[in-house]
Amino acid sequence: MKILLDTAHIEDIKKYNDIYDIAGVTSNPTILSREKKDFFPLIQEIRSIIPDKELHVQVTGNTCEEMLKEAKAITHAVGKETYIKVPTNEEGIKTIKQLKSSGYHVTATAIYMPQQAMLAATVGADYVAPYFNRMNNINVDSKKAIQEIAWLFEHYHCDTKILAASFKNTQQIMDAFLAGAHTVTASPELYTQMVENPMIDSAIAGFSQDWIHTYGNKKIYELI
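Residues take numbers from 1 onward in each chain, read along the sequence in its written order. Per-residue local features are limited, in this predicted model, to residues with pLDDT of at least 70; the limit for side-chain atom pairs, both in listing and counting, is 80 or more; totals at the level of whole chains, interfaces and linings are taken over all residues. Side-chain numbers here rest on the full set of heavy atoms in the structure, without hydrogens or water.

## Focus on the overall build of the protein chain
Each helix is a run of H or I in the DSSP string that is no shorter than four residues. Each strand is a run of E no shorter than two, and both are numbered from the N terminus. A count of helical and extended segments in the protein chain gives eleven helices and eight strands. Summarising its shape, the C-alpha atoms of the protein chain cover approximately 70 × 40 × 30 Å along the three principal directions. Exposure categories follow from relative accessible area, calculated using a 1.4 Å probe and restricted to protein chains: below 20% of the type maximum is buried, above 50% is exposed, and the middle band is partly exposed. Counting across all 224 residues of the protein chain, residues that qualify as buried make up 44%. Two residues qualify as a contact provided that any one of their heavy atoms is within 4.5 Å of a heavy atom in the partner residue. For the protein chain, restricting intrachain contacts to residue pairs at least 6 apart in sequence, the fraction spanning at least 24 positions comes to 54%. Carbon and sulfur atoms form 53% of the exposed surface of the protein chain, whose accessible area is close to 12400 Å². Under the counting rule used here, the positive set is Lys and Arg, the negative set is Asp and Glu, and His together with the chain ends is not counted. Charge positions are represented by NZ for Lys, CZ for Arg, CG for Asp and CD for Glu. The positive charge centre, built from 22 side chains, and the negative charge centre, built from 27, are 2 Å apart in the protein chain. What sets the accessible areas is the Shrake-Rupley method with a 1.4 Å probe; for residues, cover comes only from the shown protein chains.

Here is the structure:
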């Protein structure tokens, strides 16, 4: 079970990498465009923050030839260990197959149906990325879809892992894990919401008040 950050915001990556056991960072063209920075310097800066962790960068080409060229340029800039995200249509499947034959790490993205995940796995994708909330938006049962993918991968002893993405709330993240996702990627704000809410704040405040009532403002290490 792993968590990744779905952002390209440098300060957030630094902050949350310090707090949590982040396995890496995912990005896509939309996320990168929000930063309004040059592409290669931005992904190189991200790599410098997480030198030994996963970095997922998506290609933008429409043809296999274009995507292969982009994958080569990306890995030249930030290392061959980078996961190349490829949309899972026919050109994408063709691209994944060729990238894997050349030793690349690949994440098959834009998964809306289990059959896409199955086909991506047959050509060796390291990860498949089902879009949890977006599937719900088109009346696809996201939990059931991930359960089906997880069953297929386990039944056929497939090495491909499920990297669930596209979440609007924390319950969806938990639902993805409970359905069988190996990894999730989410915005920093959603991880904060998992541990920051009024009920938690109230409990912590109560502990502090009880401590002060008995021991004053001294900390434990001051009582030695």
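The rest of the description comes next.
## Overview of the packing of aromatic side chains
Here is the rule: rings of Phe, Tyr and Trp (six-membered ring for Trp) pair when centre to centre is within 6.5 Å. Planes less than 30 degrees apart are stacked, more than 60 are edge-to-face, and the remainder are tilted. Inspection of every chain in the model, using the stated rule, returns seven aromatic pairs. Both rings, one in Tyr20 and one in Tyr191, keep their centres 6.2 Å apart while their planes meet at 45 degrees; by these two values the pair is tilted. One end of the pair, Tyr20, is in the loop between helix 1 (10-19) and strand 2 (24-26); the other, Tyr191, is in helix 10 (residues 188-195), and 171 residues separate them in sequence. Geometrically, the ring pair formed by Tyr112 and Tyr131 is edge-to-face, given 5.5 Å between the ring centres and 75 degrees between the ring planes.

## Overview of the sheet that holds strand 8 (residues 183-186)
Within the closed barrel, the eight strands sit side by side as 1-2-3-4-5-6-7-8. Their pairing is parallel. Put simply, the sheet's adjacent strands are angled 30 degrees from each other on average, direction ignored. Taken strand by strand, helix 4 (residues 64-78) contacts strand 3 (54-58) and strand 4 (83-87), and its axis lies near 155 degrees from that of strand 4. On top of the sheet, helix 5 (residues 90-101) reaches strand 4 and strand 5 (105-111); it is set at about 155 degrees to strand 4, its chief contact. Here, a strand pair is defined by DSSP locating no fewer than two bridges between the strands. An axis is simply a line fitted to the C-alpha atoms; with a helix, the fit covers only the stretch in contact. Between two such axes, the angle follows the N-to-C directions and lies from 0 to 180 degrees.

## A closer look at the environment of Asp21
Inspection of the secondary structure puts Asp21 in the loop between helix 1 and strand 2. Through-space distance from the C-alpha of Asp21 to that of Ile3 is 7.6 Å; in sequence the pair is 18 residues apart.

## A word on helix 6 (residues 114-122)
Buried within helix 6 we find Pro114, Gln116, Ala117, Ala120 and Ala121. Buried residues of helix 6, seen end-on, are gathered within an arc of 155 degrees and therefore sit on one face of the element. Buried residues in helix 6 make contact with helix 5, strand 5, strand 6 (127-130) and helix 8 (142-155). One or two steps after helix 6, the chain reaches Gly124, where phi turns positive at roughly 95 degrees. Arc definition: it is the arc formed by the directions from the helix axis to the C-beta atoms.

## Side note on the pairing of strand 4
Here strand 4 lies mainly inside the structure; four of its five residues are buried. Relative to strand 4, strand 3 is paired through three bridges, and the arrangement is parallel. When the sheet's bridge partners are listed, His56 is paired in strand 4 with Tyr83. Clockwise travel from the first strand over the helix to the second, with the strands pointing away from the viewer, marks a crossover as right-handed. For the crossover from strand 3 across helix 4 to strand 4, the handedness is right-handed. Here strand 4 runs beside strand 5; their pairing, made up of five bridges, is parallel. Bridging from a neighbouring strand, Lys85 pairs with Thr107 of strand 5. Regarding topology, helix 5 serves as the crossover connection from strand 4 to the parallel strand 5, and that connection is right-handed.

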